[in-house]
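What the coordinates show
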Amino acid sequence: MNQIAENIKQRLSLRKPLQEAFDILTFLSGELELQKEVDLKSELGKVQALYPTCTDFEREFVSICYSIATGVGKTRLMGACIAYLYLEKGIRNFFVLAPNLTIYNKLIEDFGNSSNPKYVFNGIADFVHNKPVIITGDNYNQVSSLFSETEIRINIFNVSKFARETKPTTQGGRNLAPRIKRLSEYLGQSYWEYLSNLNDLVILMDEAHRYHADKSKDAINELKPVLGIELTATPIDEKGNQFRNVVYEYSLAQALTDGLYVKNPTIATRKDFNPQGRSEDEIEKIKLEDAVSIHEDTKQELKLFALNTGKKLVKPFILVVCRETTHAKAVYDLISSVDFYEGTFADKVLQIDSTTRNEELIEQQFLSLELDDNEIEIVIHVNMLKEGWDVTNLYTIVPLRAANASVLVEQTIGRGLRLPFGGERTGNDKVDKLTIVAHDNFNRVIAAAQDPNSILNKLKFVEIDAAQLNERVEVVTVQNTITENLQKEQEAVNKIQDSTQKQKQQNIVDAKRILVNVIPFFNTNSQVKKVDDLIKPEVKKQVMEAVQKELSTGQINLFATQIAAEADEIYEKLVADFKKNIIQIPRMDLVLGMVTASFDDFDLDSKDFSYEQLNEEIIRIGLKDKSIDVIEVKAGVNYGSPVKLLISELINFSEIDYDANADLLHKLAKQAVDRLQNNIQEGESIKTIVFQWRRLIANRVYSQMMQHFRLHEPDYIKPNVKPFTSIEKWNFTALINVVRKDYRDGNFPAIQVPKFIFRGFEKSCHFEYKFDSRTEQTLSYILENDKEVLKWLRPAPNQFRIYWQHNTKLYEPDFVSESADCIYLIETKAVNEINDPDVQAKAQAALKYCNYATEYTSENGGKPWKHVLIPHDQVTKTSSFKGVVSPNVFK
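All values reported here derive from a predicted model rather than from experimental measurement.

Rules of the game
- Residues numbered from 1 in each chain as written.
- Predicted model: local features only at pLDDT ≥ 70, side-chain atom pairs only at ≥ 80, totals over all residues.
- Heavy atoms only, no water.
- Helix = DSSP H or I, 4+ residues; strand = E, 2+ residues; numbered from the N terminus.
- Buried < 20%, exposed > 50% of the residue type's maximum accessible area, 1.4 Å probe, protein only.
- Contact = heavy atoms within 4.5 Å.
- Pairing = 2+ DSSP bridges.
- Axes fitted to C-alpha atoms, helices over the stretch in contact; angles between N-to-C directions.
- Parallel < 35°, antiparallel > 145°, perpendicular 65-115°, else oblique.
- Left-handed = near helix turned anticlockwise from the far one by under 90°.
- Nonpolar A, V, L, I, M, F, W, Y, C, P; charged D, E, K, R; others polar.
- Salt bridge = Lys/Arg side-chain N within 4 Å of Asp/Glu carboxyl O.
- Core = buried A, V, L, I, M, F, W, Y, C linked by side-chain atoms within 4.5 Å.
- Phe/Tyr/Trp six-rings, centres within 6.5 Å; stacked < 30°, edge-to-face > 60°.
- 1 Å grid on protein atoms, 1.4 Å probe; cavity = no way out; pocket = protein on both sides within 12 Å on 5 of 7 lines; lining within 4 Å.
- Points joined across faces, edges and corners; volume = space filled by probe spheres on them.
- pLDDT = per-residue confidence, 0-100.
- Expected span 1.5 Å × (residues − 1).
- Polar contact = N/O pair within 3.5 Å; in protein donor to acceptor, adjacent residues only side chain to side chain.
- Bend = angle between axes of the 7 residues up to and from the residue.
- Patch = residues over 30% accessible without salt bridge, like charges linked within 9 Å, V, L, I, M, F, W, Y side chains within 5 Å.
- Areas by Shrake-Rupley, 256 points an atom, 1.4 Å probe, with all protein chains shown as cover.
- Lys, Arg positive; Asp, Glu negative; His and termini not counted.
- Charge placed at Lys NZ, Arg CZ, Asp CG, Glu CD.

Scanning the chain from N- to C-terminus turns up 26 helices and 32 strands. The proportion of buried residues among the 891 residues of the chain is 50%. Sequence-distant contacts, at least 24 apart, represent 72% of the contacts inside the chain between residues at least 6 apart.

If you want it as structure tokens, here you go:
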């Protein structure tokens, strides 16, 4: 195991494909000479023996290519390669080629700005105090020769600037050497000469297919690097030939199959859409209209996701692909007009093609689409999507008038596959989805997708109902009943005409609001074990001090004294109201511990444990006469205890931890040594035999140990439990201009339940809820109307912190209900899903929460908790609460 390589993989959080690619470099760097003027045929043989796809370096130096899909993280892989070659091989000089200005600027930031969230060397301790020096195409001629012998130097050049700098120029009729090849007063030689003379220069080529033209090849060859590392998603040169130096491939098709590192692309059409008899203009307008509908739905879903998770708000945009510039201008004029959504997008559309701006400036505009202050929501382009426009917030693509729709989809799709949240899928279908609108070409794209070698074969195809496309949604926030009631009181105060009376009532409302905000923080107070403890005099005193602090923080309220007095006056009543409107949910972070491993005790099978001592001799060869003589080694060095020698070898295996297995290791090592001692020949030394054969002996012991190796599923770590928490607000989408439904209303198709917001509840901790199914709606009816239920809650996604699936997912219960003697954590599932492994895993997590909650409440005068898993066919409006709960308590 290469510890440096392992540390880099962990510190840079390399994804699995990047780890595999990185492992190839770490291995090859140990096999290759990494020097100038090497025998390329011999070096190629080393590479080809391990990676047969590499049949030619295609350059005048050793150069290997990684073919890795867009969005997987090629830049991070470059950072890992640089870190390893420096830390393991002592290489200090690197030359990075960027295909355009956008990537050039991006790489300077990623490699040189340690405050950048995407800084590639984050976590590499050696680069904290020895930060790499970034030399660019803009400052190379100002670089001093006073380089430190220990610093890392990363040259970053834009290929177009690189090409310009290596071309001869003329001035005043005189031919001048290329700028980069002119004498530098700082270096005493040209920078080109300086680079090409370095004996440890490694060149990294981002988007390597851009550097296979003859001229760029020649210029790169002149640098004479010891190694080239090429990265591209499309390993095809300008003549259409496949690269012959690929050592690793992780294609877009594979990325789509794995479904981990890129968006889930979907081809969409309007249901029952028939292009026959429709003009091109009409089809375009329908496609654009549907794209906006999908875009608005995605925008609201992203807003909802941000509210519920606390993650950044991502602003999505639409990409419209046009045939040519005249067509693009016509589409731009349409979208900018009042005829298109009444001019909503007039200031939110950007046309990108050769008629608008110079390419470099356009790239900068496009890159800023991810920034919060960029208001662009629709981008129109004509063949301008080049490398570097790797934005993460492209969610909808509309190809218009495509001659070959399937080819266009394949070419365009890569621009929209990057994921915005840490480069990984979130599990939220709409947040992870890229939609390509292809009404008129839908059937042709489907036909092309039948080819198993096509990327389109990996896509999903959906038909969207026209009624769904016309549905507009908005994100609404539903506060808990305490906050909602305060809002109603505030509205009543706003209507009071008498100023004196109005101020007095305002002081009361302000006092309640401050108390409601302050009280939840006292769940950490050592004197508070339940809500009732809040009325203890000593606790009330501390709460009043917190109120005074709140009133004196920030902008001073002129009525602070009166508000504090009101808070003191109403305190007990407000605590009672607080208790009435919440369920006392113990707050805890329920987290799984680490997977543990152990070895069962066993005795070593030591048959055939017999090794002969090797003769140790010194051979001397005369340099001139080639005479040979041999001298026997006289042992005189104490190699230490044979048992300890074997143990020191065994603990090199990653599965073996000395502290956890010390007794077993000593036992097995002693058994091995005893067996060897029994088979020793006259004149042999047990210490010498063990020293000579220690690795082989340790391997045999290790292989037997692995037959008794056990992995243990982790248990939940005992949490720190707090007595209660505030009821979290709900955020969800609602259909615009659609009235709320009464929860008792069942006169509509069950499939439509998730669309509506329901109200009319009196026992719940919120006044409005959404449900995922008719079963949940019906269960809310039971909870609301059964006398056994005192109050109930449909918890918001962040109400509980119950982790499962190795701490990668949060469990979100369907309901919490409280009766006179128990609190229930309730989950409803379809009958055929009850025994699903994921459902059972979540149930085990919920049961663990209930056990810890009950342990706490039983010690502090509270109610026990039980988890209930209810099959859907047992939930009807005629069911009683006990009837659905009692038979389904999970144990």
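Our focus in this paragraph is the sheet that holds strand β25 (residues 758–759). An order of β24-β25-β26 is seen for the 3 strands of this open sheet, with the pairing classed as mixed. Bordering the open sheet on either side are β24 (741–742) and β26 (768–769), each of which pairs with just one other strand. Of the strand pairs in this sheet, β24 and β25 are connected by 2 bridges, and their pairing is parallel. Looking at β25, one finds that Lys741 is bridged to Phe758.

What follows deals with the packing of helix α4 (residues 74–89) against helix α5 (residues 101–112). At a minimum axis separation of 11 Å, α4 and α5 run at an interaxial angle of 50°. In this view, α4 runs oblique relative to α5, as classed from their interaxial angle. Our pair here, α4 against α5, has a crossing hand that is right-handed. Listed contacts from α5 to Thr75, Met78, Gly79 and Ile82 of α4 are Lys106, Leu107, Asp110 and Phe111. Among the residues forming the contact of α4 with α5, the class breakdown is 4 nonpolar, 2 polar and 2 charged.

Within this structure, the stated rule accounts for 44 salt bridges. A salt bridge links Lys530 to Asp533, with the nearest nitrogen and oxygen atoms 3.8 Å apart. A relative accessible area of 27% places Lys530 in the partly exposed class.

A few words on the nonpolar core. Within the largest apolar cluster, 89 residues are counted, with the highest numbers of intra-cluster contacts made by Leu515, Leu534, Leu825, Tyr849 and Trp865. Of all the elements, helix α20 (residues 560–580) adds the most residues to this core, at 9 residues. Once you skip the residues sitting within four places of it in the chain, Tyr849 turns out to touch Ile585, Pro586, Met588, Leu590, Phe800, Ile802, Leu825 and Trp865. Counting 82 residues, the second largest nonpolar core, distinct from the first, contains Phe22, Cys81, Val247 and Val379.

Another point: the sheet that holds strand β4 (residues 153–158). Taken together, 7 strands build an open sheet; the order of strands is β3-β4-β2-β7-β8-β1-β9 and the sheet is parallel. Of all strands in the sheet, those with a lone pairing partner are β3 (133–136) and β9 (246–250), marking the two edges. Between one strand and the next, the sheet's axes are offset by a mean angle of 15°, whatever the strand orientation. Relative to β9, strand β1 (residues 63–68) runs parallel, the two being bridged by 4 bridges. Across the sheet, the residue bridging to Cys65 is Val246, located in β9. On the sheet, α5 packs against β2 (93–98), β3, β4 and β7 (201–206) and is oriented at approximately 165° with respect to β4.

In this section: the packing of aromatic side chains. Scanning the model with the defined rule gives 31 aromatic pairs in all. Measuring from ring centre to ring centre gives 6.0 Å for Phe578 and Phe724, while their planes differ by 75°; the resulting arrangement is edge-to-face. Taken together, the residues Phe578 in helix α20 and Phe724 in the loop between β22 (709–712) and β23 (730–735) connect sequence positions 146 residues apart. For Phe724, a relative accessible area of 0% translates into the label buried. Taken together, the aromatic side chains of Tyr743, Phe748, Phe756, Phe758, Phe761, Tyr769, Phe771, Tyr781, Trp792 and Phe815 make up a single cluster linked through ring pairs.

Peptide bonds are mostly trans, and most non-glycine residues show a negative phi. Look at Glu37: it is not a glycine, yet its phi comes out positive at around 55°. Position of Glu37 relative to the elements: it lies in the loop between α2 (16–31) and α3 (40–50).

So, about the layout of surface pockets. A volume near 1,500 Å³ is recorded for the second largest pocket. Taken together, 49 residues make up the lining of the second largest pocket; nearest its centre are Lys106, Lys118, Glu370, Thr392 and Arg418. Those elements giving two or more residues to the lining of the second largest pocket turn out to be α4, α5 and α13 (359–367). In terms of residue count, α5 provides more of the lining of the second largest pocket than any other element does, 7 residues in total. For the lining of the second largest pocket, the class distribution of residues is 15 nonpolar, 17 polar and 17 charged.

On to the confidence of the model for the chain, then. For the chain, the average pLDDT comes to 86, and 86% of its residues sit at 70 or higher. Mean pLDDT in the chain bottoms out at strand β6 (residues 174–176), which sits at 52, and peaks at strand β30 (residues 815–818), which reaches 98.

The next subject is empty space enclosed by the protein. In this structure the tally under the stated criterion is 2 cavities of 30 Å³ or more. Computed from the structure, the largest cavity encloses a volume of approximately 50 Å³. Around the largest cavity, the lining residues are Ala734, Leu735, Val738, Val739, Arg740, Lys755, Phe756 and Ile757. Classifying every residue of the lining of the largest cavity by side-chain character gives 6 nonpolar, no polar and 2 charged. The space that makes up the second largest cavity amounts to roughly 40 Å³. Taken together, the residues of the lining of the second largest cavity sort by class into 5 nonpolar, 2 polar and 1 charged.

Under the 1.5 Å per step criterion, the end-to-end length of helix α11 (residues 280–309) is 43 Å for 30 residues, consistent within 8% with the ideal 44 Å. Residue Gly310 follows α11 closely and has a positive phi angle near 80°.

Its place among the elements puts Lys770 in the loop between β26 and α24 (774–785). Looking at Lys770, its side chain comes within polar contact range of the main-chain oxygen of Thr733, at 2.7 Å. Dropping the residues within four chain positions of it, Lys770 is found in contact with Phe732, Thr733, Pro754, Lys755, Phe756, Ile757 and Arg794.

What follows is about the environment of Leu34. Structurally, Leu34 is set in the loop between α2 and α3. A C-alpha to C-alpha distance of 9.0 Å links Leu34 and Val202, two positions 168 residues apart in sequence. When sequence neighbours within four positions are dropped, the list of residues in contact with Leu34 reads Ser29, Glu43, Lys89, Ile91, Val226 and Leu227.

Looking now at the pairing of β7. Of all 6 residues in β7, 6 are buried; the element is thus mostly enclosed. Side chains Leu201, Ile203 and Met205 project from β7 onto one buried face, and the interleaved Val202, Leu204 and Asp206 project onto a second face that is buried too. Here 5 bridges tie β7 to strand β8 (residues 227–232), and the two strands are oriented parallel to one another. Along β8, the bridge assignment pairs Leu204 with Ile229.

All right, on to the packing of helix α18 (residues 499–518) against helix α19 (residues 537–551) then. At a closest axis distance of 10 Å, the pairing of α18 and α19 adopts a crossing angle of 115°. The angle between α18 and α19 places the two elements in the roughly perpendicular class. The chirality of how α18 crosses α19 is right-handed. In this structure, α18 contributes Ile514, Leu515 and Val518 to the contact, and α19 contributes Val543, Met544, Ala546, Val547, Glu550 and Leu551.

Its maximal kink placed at Tyr571, α20 deviates by approximately 60°. Of the positions making up α20, those classed as buried are Ala560, Ile563, Ala564, Glu566, Ala567, Ile570, Tyr571, Leu574, Val575 and Phe578. Buried-residue contacts for α20 involve α17 (481–494), α18 and α19.

Let's shift gears to a negative patch on the surface. A cluster of acidic residues, Asp347, Asp372, Asp373 and Glu375, forms a negative patch on the protein surface. Mapped onto the secondary structure, Asp372 falls in the loop between α13 and β13 (378–381).

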